Amino acid sequence: GAVLSPDGRTSYRLAHGRVDVVELDHFRRTHTIPTPEGPGDFWSSYGSARGRLAITPDGDTLVAVTFSGLTFIDTSAATPVVPPKLYGQADVKIGSGLGDLVIDQAGAFVYTTARDDNTVAVIDVAGQRQVASIEVGSLPAGLDLSADGQRLYVTNDGGADISVVDVATRR
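A brief structural summary.

Rules of the game
Residues numbered from 1 in each chain as written. Predicted model: local features only at pLDDT ≥ 70, side-chain atom pairs only at ≥ 80, totals over all residues. Heavy atoms only, no water. Helix = DSSP H or I, 4+ residues; strand = E, 2+ residues; numbered from the N terminus. Buried < 20%, exposed > 50% of the residue type's maximum accessible area, 1.4 Å probe, protein only. Contact = heavy atoms within 4.5 Å. Areas by Shrake-Rupley, 256 points an atom, 1.4 Å probe, with all protein chains shown as cover. Salt bridge = Lys/Arg side-chain N within 4 Å of Asp/Glu carboxyl O. Phe/Tyr/Trp six-rings, centres within 6.5 Å; stacked < 30°, edge-to-face > 60°. Lys NZ or Arg CZ within 6 Å of the ring centre and 35° of its normal. Pairing = 2+ DSSP bridges. Axes fitted to C-alpha atoms, helices over the stretch in contact; angles between N-to-C directions.

### A short note on the overall build of the protein chain
Part 1: Within the protein chain, the secondary structure is distributed over one helix and 14 strands.
Part 2: Scored against the burial criterion, the 171 residues of the protein chain give a buried share of 49%.
Part 3: Counting only contacts in the protein chain whose residues sit at least 6 apart along the sequence, the fraction spanning at least 24 positions is 41%.
Part 4: Of the roughly 8300 Å² of accessible surface on the protein chain, 50% is carried by carbon and sulfur atoms.

Given below as structure tokens:
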């Protein structure tokens, strides 16, 4: 999973229990930020997975799916020094089986698939807490928002189908 900053000058890549910060003007890694599980633990042994990192439209916050939940990372705090809070548990504990994630255009909500529950978790970015759970099909995997942000499309591996969710009503 990798994302570009909104200005296209920085790339963030989730890999092996860390986020690599790459300055694209010079094509070099400038920082490494550990995710909550840190190097050498269960999560890092699995490496990165596509779709497990997202950035808010303003570029201020990264959201990473880790083994224990979602972690919010302030991009302005991305320094070579490891921020201590990232060595604890995830900021939002949702459980195992998290899949893809997407952030709405306003940067207000993160949506992530929760395969174990057949739901999509709705996370308030500012409050860093889960505010809703939307029932979808069996074994939800990937998801994306429509261009206008009004519909959420969720692919369901268990039923080989797609759930279409009205974002306003969360149904």
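### Some words on the pattern of salt bridges
Part 1: Tallied over the full model, the rule gives four salt bridges.
Part 2: Between Arg 115 and Asp 157 there is a salt bridge whose closest N-O contact spans 3.1 Å. Here Arg 115 is found in the loop between strand E9 (109-114) and strand E10 (119-124), whereas its partner Asp 157 is found in the loop between strand E13 (151-156) and strand E14 (161-166), with 42 residues between them in sequence.
Part 3: Residue classification places Asp 157 among the partly exposed positions, given a relative accessible area of 48%.

### Some words on the packing of aromatic side chains
Part 1: All chains considered together, the criterion is met by zero aromatic pairs.
Part 2: Lying across the ring of Phe 109, Arg 170 places its NZ or CZ 5.0 Å from the centre.

### Re the sheet that holds strand E7 (residues 69-74)
Part 1: Taking strand neighbours across the sheet as the criterion, the three strands line up as E5-E6-E7 in an open arrangement whose pairing is antiparallel. Strands with a single pairing partner mark the edges of an open sheet, and in this sheet they are strand E5 (53-55) and E7. Pairs of neighbouring strands in the sheet enclose a mean axial angle of 20°, with direction left out of account.

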